[in-house]
Amino acid sequence: MRTPEYSDEVLVAAVAAAAAELGAPLTAGAYDAWQRGRDAAASPALLIRRFGSWNEACQRAGVPTNTTRSTSRRWSDDDVVAIVASYLRAPGSTGSFADYSAWAKEQEGVPSGATLRQRFPWAEVKGRAAAIPS
C-alpha cells in the first residue's frame, strides 16, 4: 500500500479542522485520536517531520497550542536510546512501537510512545538501541 502524499495546505487544513472540532489548545495526542480513520488527515508524526515540531504545525494552522514545556526534553537522545534498548531486552518484548508504548505505560521514568515519536522515528531509535551491546 502506498503512503499518500499531502501538500502543506492539506496538512494545515486537517490541523485546523481537528481544532475546530476538538477545541484548543490542540495536543498531538488529541489530534492523533481524531485523525485515525480519516483518509485526508495525516499522522502527527508526519506533521512533525514536515514542519519540524507539533507547535509549528499548529502555528501554521492558526491553532493555539499548550505553552507548557514539552516533556520530550526531559531525556537526552542517549537516554532515549538506552531506554529503548532496555525495552528491547525486556522479557516478551516484540520490538513494535505499539508494544513499546504499552511497556512504557507500566514503567516509571520513561518517555511515552508519543513523547518518543516527537524525538525519533521508531525505526531509527530501535536501530540505534539494538546496536548497543548488552
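These numbers were taken from a predicted model, which means no experiment stands behind them.

Criteria and thresholds
Each chain carries its own residue numbering, running from 1 in the written order of its sequence. Residue-level local features of this predicted model are given only where pLDDT is at least 70; pairs of side-chain atoms are given and counted only at 80 or more, and the full residue set underlies all totals for whole chains, interfaces and linings. Working from all heavy atoms in the structure, the side-chain values ignore hydrogens and water. Secondary structure elements follow DSSP: runs of H or I of four or more residues count as helices, runs of E of two or more count as strands, with numbering from the N terminus. Think of it in three bands: residues with accessible area under 20% of the maximum for their type are buried, residues over 50% are exposed, and the middle band is partly exposed, with areas taken using a 1.4 Å probe on protein chains only. For this analysis, residues touch if any pair of their heavy atoms sits within 4.5 Å. Here the open area of atoms and residues is found with the Shrake-Rupley method and a 1.4 Å probe, where only the protein chains shown may cover a residue. Under this scheme, a helix contributes an axis fitted over its contacting stretch, all axes are lines through C-alpha atoms, and angles between N-to-C directions fall in the 0 to 180 degree range. The scheme is simple: roughly parallel for angles under 35 degrees, roughly antiparallel for over 145, roughly perpendicular for 65 to 115, oblique for anything else. Throughout, the ten residues Ala, Val, Leu, Ile, Met, Phe, Trp, Tyr, Cys and Pro are labelled nonpolar, Asp, Glu, Lys and Arg are labelled charged, and all others, Gly among them, are labelled polar. The salt bridge criterion pairs a side-chain nitrogen of Lys or Arg with a carboxyl oxygen of Asp or Glu, the two atoms within 4 Å. Throughout this description, a polar contact denotes any pair of N or O atoms lying within 3.5 Å of each other; where both atoms belong to protein, one of them has to be capable of donating a hydrogen while the other can accept it, and for residues adjacent in sequence the pair is counted only when both atoms sit in side chains.

It is worth spelling out the overall build of the protein chain at this point. Helix and strand counts for the protein chain stand at 8 helices and 0 strands. Secondary structure elements of the protein chain, listed N to C terminal, follow the sequence α-α-α-α-α-α-α-α. Taken over the C-alpha atoms alone, the protein chain extends approximately 45 × 40 × 20 Å along its principal axes. Within the protein chain, buried positions represent 37% of all 134 residues. Restricting to contacts in the protein chain with at least 6 residues of sequence separation, those with at least 24 account for 56%. Only carbon and sulfur atoms are counted for the fraction: they give 51% of the accessible area of the protein chain, which is about 7,900 Å².

What follows covers the packing of helix α3 (residues 44-51) against helix α4 (residues 54-61). As a packed pair, α3 and α4 sit with axes 8 Å apart at the nearest point and diverge in direction by 85°. Put simply, α3 runs roughly perpendicular to α4. Taking contact as the criterion, the partners of Pro-44, Leu-47, Ile-48 and Phe-51 in α3 are, on α4, Trp-54, Glu-56, Ala-57 and Arg-60. Across the contact of α3 with α4, the residue classes break down as 6 nonpolar, no polar and 2 charged.

Between side chains of opposite charge, a pair can form when the charged atoms approach closely. For the structure on display, the rule yields 6 salt bridges. Linking Arg-60 and Glu-56 is a salt bridge whose minimum nitrogen-to-oxygen distance equals 3.1 Å. Of this pair, Arg-60 and Glu-56 both sit in helix α4, 4 residues apart, which is roughly one turn of that helix. By relative accessible area, Arg-60 is classed as partly exposed at 47%. The exposure class assigned to Glu-56 is partly exposed, which follows from its relative accessible area of 25%.

Turning our eyes to something else, we now look at the side chain of Arg-119. Turning to its location among the elements, Arg-119 is positioned in helix α7 (residues 113-119). Relative accessible area serves as the criterion here: at 14%, Arg-119 is assigned to the buried category. Separated by 2.4 Å, the side chains of Arg-119 and Asp-77 make a polar contact.

Turning to the environment of Trp-54, a few remarks are in order. Relative to the helices and strands, Trp-54 is located in helix α4. Looking at Trp-54, the relative accessible area reads 9%, which means it is buried. Once you skip the residues sitting within four places of it in the chain, Trp-54 turns out to touch Val-15, Leu-26, Thr-27, Ala-28, Tyr-31, Pro-44, Leu-47 and Ile-48.

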